[in-house]
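Understanding the architecture of this molecule
Chain residues, written in single-letter form:
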Amino acid sequence: MKQDATLYSGRYLSLLERDRWEFVSRSNARCVVALVAVTPAREIVLVEQYRKPVDAYVIEIPAGLVGDLDGPDESLLVAAARELEEETGFVAAKMEHLMDCPSSAGMSDEVISFVLADELSRTGPGGGDDSENIVVHVIPLAEVDAWLSGQLAAGKSLDPKVYTALYWLLRKPAIS
């Protein structure tokens, strides 16, 4: 049985120690859902927002917490649909859970659940909730490499989950 000692507990995160290993744990959600979002025109939906921990604008796939609003029993796909529409203004006709993986296995016990959001249609502008200022980017898959290179050249950071999304989209060319 795991014995964790709490070294610090904040509003949303805790610093724990297990067998002399320190790591971070979320106290306000059970996992993160990350969306591999693709339009019928074979465009990937990405988001951009300023991230204080890295003091930079970051290009990311849409993502959010599961269980932070509706409690720990919130469905993964319900949270995925909520985050997709809130951040991007898109809804998906089809959603599929792809895989779960650790976000940073040496630093956190957080798990990311990747969900394919397919057959998207736009219902609003997106942009996030009151605490967020999200810019939505819809990029043709055929142009995404050049677009990402341009974002790097402009000084923006790229979240590596973008490349996970591209792996899924380019590995399965029948999607959308």
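Structure: above.
Definitions and limits used
- Residues numbered from 1 in each chain as written.
- Predicted model: local features only at pLDDT ≥ 70, side-chain atom pairs only at ≥ 80, totals over all residues.
- Heavy atoms only, no water.
- Phe/Tyr/Trp six-rings, centres within 6.5 Å; stacked < 30°, edge-to-face > 60°.
- Buried < 20%, exposed > 50% of the residue type's maximum accessible area, 1.4 Å probe, protein only.
- Core = buried A, V, L, I, M, F, W, Y, C linked by side-chain atoms within 4.5 Å.
- Helix = DSSP H or I, 4+ residues; strand = E, 2+ residues; numbered from the N terminus.
- Contact = heavy atoms within 4.5 Å.
- 1 Å grid on protein atoms, 1.4 Å probe; cavity = no way out; pocket = protein on both sides within 12 Å on 5 of 7 lines; lining within 4 Å.
- Points joined across faces, edges and corners; volume = space filled by probe spheres on them.
- Nonpolar A, V, L, I, M, F, W, Y, C, P; charged D, E, K, R; others polar.

What follows concerns the packing of aromatic side chains. Inspection of the entire model under this criterion finds 2 aromatic pairs. Plain terms: the ring middles of Tyr50 and Tyr57 are 5.4 Å apart, the flat faces sit at 65° to each other, and that makes the pair edge-to-face. The partly exposed category is assigned to Tyr50, whose relative accessible area is 35%. Classification of Tyr57 by relative accessible area gives partly exposed; the value is 47%. With a centroid separation of 5.8 Å and an interplanar angle of 80°, the aromatic rings of Tyr167 and Trp168 are classed as edge-to-face. The exposure class assigned to Trp168 is buried, which follows from its relative accessible area of 11%.

Here we come to the nonpolar core. If you look at the biggest cluster of nonpolar residues, it comprises 26 residues, and the most contacted ones within it are Val36, Ile44, Leu46 and Leu148. With 5 residues, the single largest contributor to this core is helix H3 (residues 161–171). Excluding anything up to four places from it in sequence, Leu148 contacts Leu46, Ile59, Leu158, Val162, Tyr163 and Leu166.

With that out of the way, let us pick up the layout of surface pockets. Here the largest pocket is characterised by a volume of approximately 1,600 Å³. Forming the walls of the largest pocket are 37 residues, and the residues nearest its centre are Arg26, Arg51, Pro53, Glu60 and Leu65. Of all the elements in the fold, those that place two or more residues in the lining of the largest pocket are strand E3 (21–26), strand E5 (43–51), strand E6 (56–60), strand E7 (63–66) and helix H1 (76–88). Looking at the lining of the largest pocket, the element that brings in the most residues is H1, giving 4 residues. The residue makeup of the lining of the largest pocket, split by class, is 15 nonpolar, 8 polar and 14 charged.

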